[in-house]
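# Coordinate inspection notes
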Amino acid sequence: MPINSLCIFCGSSPGRGTQYLDAATLVGRHLAEQNIRLVYGGGSVGLMGRVADACLEAGGDVVGVITKSLLDLEVGHTGCSELKIVDTMLERKTVMAELSDAFVSLPGGIGTLDEMFEMLTWSQLDIHAKPSALLNINGYFDDLQTFLKRVVEDRFLLGEHLEMLLVDDHFERLLDKLRNWKPNPVEKWVARHTQRDDS
């Protein structure tokens with residue numbers, strides 16, 4: 001599938017050391033070089049600010065989506081190609097989803113995880129047919145992957161739905177996976193697809 005507009009979820013903090021900021025810089029530059037529009041949460045701080053700055057500095061197109069309350073805290077990025085101001089966090093996620101062909105999460109906190117899981121859930125429920133991915137910098141998402149495998153093993157999630165979440169530690173490879181992704185329409189209800197086994 002073509003990726004003309006990519007949503008990046010990531011931390012409003014820079015993280016420990018420089019490795020996460022360096023990765024965000026590479027992501028922003030690569031999006032500009034590939035003429036892929038960056039859609040993100042509109043922040044000027046942390047990894048969010050770095051990926052936007054890098055994309056803009058390389059001549060890329062950046063659309064930020066931020067709530068008025070966050071903008072009032074002076075964390076909005078005023079240099080974006082376009083900055084959309086919304087009222088609620090749910091509206092923020094909805095607008096980002098509408099503007100994007102796919103979603104990639106860089107390291108971040110619970111807000112980043114919330115955004116990633118919401119987009120993945122929408123794919124699971126067939127609300128949209130757009131892929132989600134993790135850029136696994138420095139093994140940041142290793143433990144999350146282990147947990148999600150446990151969720152499948154204990155039959156709270158189908159393996160087919162976990163396979164919707166693409167993972168790589170290299171951004172260009174991850175983009176290729178996103179472009180090659182195809183929806184796998186399997187209904188959500190685990191009990192209809194598995195034999196009951198309480199062992």
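This text goes with the structure placed above it.
Residues numbered from 1 in each chain as written. Predicted model: local features only at pLDDT ≥ 70, side-chain atom pairs only at ≥ 80, totals over all residues. Heavy atoms only, no water.

## A short note on the nonpolar core
- L6, I8, L31, L38, V104, L106 and L178 are the most contacted members of the largest nonpolar core, which has 33 residues in total.
- At the level of elements, β1 (5-9), α1 (19-33), β2 (37-40), α2 (46-57), β5 (102-105), β6 (132-135) and α8 (171-180) are the ones that each hand at least two residues to this core.
- Sort the elements by how many residues they give to this core and α1 lands first, with 7 residues.
- Those residues in contact with L38, other than ones at most four positions away along the chain, are L6, I8, L31, V51, A52, C55, D61, V62 and V63. (Core = buried A, V, L, I, M, F, W, Y, C linked by side-chain atoms within 4.5 Å. Buried < 20%, exposed > 50% of the residue type's maximum accessible area, 1.4 Å probe, protein only. Helix = DSSP H or I, 4+ residues; strand = E, 2+ residues; numbered from the N terminus. Contact = heavy atoms within 4.5 Å.)

## Examining the state of the cysteines
- The full count for this structure, using the stated rule, is 0 disulfides.
- Free cysteine C7: the closest other cysteine sulfur is in C10, separated by 9.2 Å.
- C80 takes part in no disulfide bond, and the closest cysteine sulfur, belonging to C55, lies 9.6 Å away.
- For C80, a relative accessible area of 11% corresponds to the buried category. (Disulfide = S-S within 2.5 Å.)

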